[in-house]
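Here's the letter readout for the chains.
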Amino acid sequence: MPREPPIVLPVTLRLLGHANPWALLLAKEEGHSLSTASLLSERYALKSDEKPFVRELLSRKRNMWVFRCDQRRFAGDFVVVDMSEPCPARRWVVVLDLKLGAPLVLGGGGAGIQLTQAQQAVDALAARPGVIAPGIPYELATGDKATILAFLRAGRHPRRPE
């Protein structure tokens, strides 16, 4: 029986230049055959404003690492980690779900069931060496491309828990 693909995959600017970067990652990181990886890659496909969102974020905020969530697992669209903090236990983590034309909503409102498995995505990142520490707190955010980009560009505010 085939194993479940990872709940998150890393996104880089270089990777975004490929037609199907997810198949390449699944074959390379997970050891899937290229044909199986191609079938599984639909779970990570970028839609509407998602690719421009990731491209702009990674171009402007080099300290942010972005991970694409498996769209069948209800863990949001992306997990973003601010890597500017050297200590993995203190990094700012945001699980987000893009909604066309929607205002910024923190706490997951407006996402329906799309963020119900966000903890699994964060746990998967904690299992990757050097990214984040297990049990790290995270924020949920929904909104359109522009509002989410503005939120992430502003960074962690003092009112947010450290």
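As the structure is a computational prediction, the values presented were derived from the model and not from experiment.

### Examining helix α4 (residues 50–60)
Moving on, step 1. For α4, every residue scored as buried is listed here: Glu 50, Phe 53, Val 54, Leu 57 and Leu 58. One face of α4 carries all of its buried residues, which in axial projection span an arc of 115 degrees.
Moving on, step 2. Packed against the buried residues of α4 are β1 (8–11), α1 (13–16), β2 (64–69), β3 (78–82), β4 (92–98) and α6 (145–154).

### Description of the pattern of salt bridges
Moving on, step 1. Within the structure shown, the criterion is met by twelve salt bridges.
Moving on, step 2. Note that Glu 85 is salt-bridged to Arg 90, the shortest N-O span being 3.5 Å.
Moving on, step 3. Several salt bridges converge on common partners, so that one network encompasses Glu 4, Arg 43, Asp 70 and Arg 73.

### Examining the environment of Leu 9
Moving on, step 1. Inspection of the secondary structure assignment puts Leu 9 in strand β1.
Moving on, step 2. Taking the C-alpha atoms as reference points, Leu 9 and Gly 155, separated by 146 residues in sequence, lie 23 Å from one another.
Moving on, step 3. In contact with Leu 9, not counting residues within four places along its chain, are Trp 22, Leu 25, Leu 26, Glu 29, Tyr 44, Val 66, Phe 67, Arg 68 and Arg 128.

Thresholds applied
- Residues numbered from 1 in each chain as written.
- Predicted model: local features only at pLDDT ≥ 70, side-chain atom pairs only at ≥ 80, totals over all residues.
- Heavy atoms only, no water.
- Buried < 20%, exposed > 50% of the residue type's maximum accessible area, 1.4 Å probe, protein only.
- Helix = DSSP H or I, 4+ residues; strand = E, 2+ residues; numbered from the N terminus.
- Arc of directions from axis to C-beta.
- Contact = heavy atoms within 4.5 Å.
- Salt bridge = Lys/Arg side-chain N within 4 Å of Asp/Glu carboxyl O.

Fair warning: the whole summary comes from geometry, so function is off the table for now.
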